[in-house]
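Topology and contacts: notes
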Amino acid sequence: MSSFAAINKTMSDTIFSKIIRREIPADIVYEDEQAIAIKDINPQAPTHILVIPKKPIPRLSEATESDRDLLGHLLLTVQRVAEQAGLSNGYRVVINNGADGGQTVDHIHFHILGDRQMKWPPG
Ligand code: 5GP
């Protein structure tokens, strides 16, 4: 069974697990055994892509040592997807973690934002 098929419907099920299982549609720009990348439905920049692991880790603060390889893979996936999107002039990578971090979907994901100049500090 692939990791895709092995994702269970649990209490922590989110919109992203439903997208991964193809239960709801999304504009998928990349997929491999461990991760998927989709266009954000409410883009905050001309290019706004989410890189999401198929494993439903709720948030960065709940990742463990056993997720070390997966987290590395996700960052390299961010790099690959950003290059594929043509963001050669740079881009921002964001992980919102928990309530104060502004996280709204409890399934860890990396935002890739690009094709405009980013500001600092972020809001
Ligand atoms: P967070 O606020 O948790 O860091 O980011 C969640 C992101 O998921 C938001 O940018 C939001 O626009 C996006 N999002 C929420 N629901 C959907 C959906 O059904 N499809 C897609 N493509 N993006 C979604």
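Whatever comes next refers back to the structure up there.
Residues numbered from 1 in each chain as written. Predicted model: local features only at pLDDT ≥ 70, side-chain atom pairs only at ≥ 80, totals over all residues. Heavy atoms only, no water.

**A few points about the site of the ligand**
Heads up, the rule is: A cutoff of 4 Å decides nearness: a residue is near a molecule or strand if any of its heavy atoms lies inside that distance of it. Definition of a polar contact: a pair of N or O atoms within 3.5 Å, with one able to donate and the other able to accept a hydrogen when the atoms are protein atoms, and with sequence-neighbouring residues admitted only if both atoms are side-chain atoms. Only the protein chains shown count as cover for residues, and all accessible areas are computed by the Shrake-Rupley method using a 1.4 Å probe.
Taken together, 16 residues are adjacent to the ligand, and Lys39, Asp40, Asn96, Thr104 and His111 come closest. Between Lys39 and the ligand, the recorded distance is 2.9 Å, taken from a backbone N or O atom to a nitrogen atom. The contact in question runs from a nitrogen atom of the ligand to an N or O atom on the backbone of Ile41, over 3.3 Å. Calculation on the ligand without its partners gives an accessible area of 520 Å², and the protein chains cover 84% of this total.

**Some points on unusual backbone geometry**
Stated precisely, the cut-off is as follows: Helix numbering and strand numbering both begin at the N terminus, where a helix is a DSSP run of H or I of at least 4 residues and a strand a DSSP run of E of at least 2. A simple rule labels every residue: compare its accessible area, found with a 1.4 Å probe on the protein chains alone, to the largest value its type can have, and call it buried under 20%, exposed over 50%, or partly exposed in between.
Backbone torsion omega between Trp120 and Pro121 reads 5°, so that peptide bond is classified as cis. Of note in the backbone geometry, Arg22 takes a positive phi value of approximately 65° without being a glycine. Within the element layout of this structure, Arg22 appears in the loop between helix H2 (15–20) and strand E1 (28–31). The partly exposed category is assigned to Arg22, whose relative accessible area is 44%.

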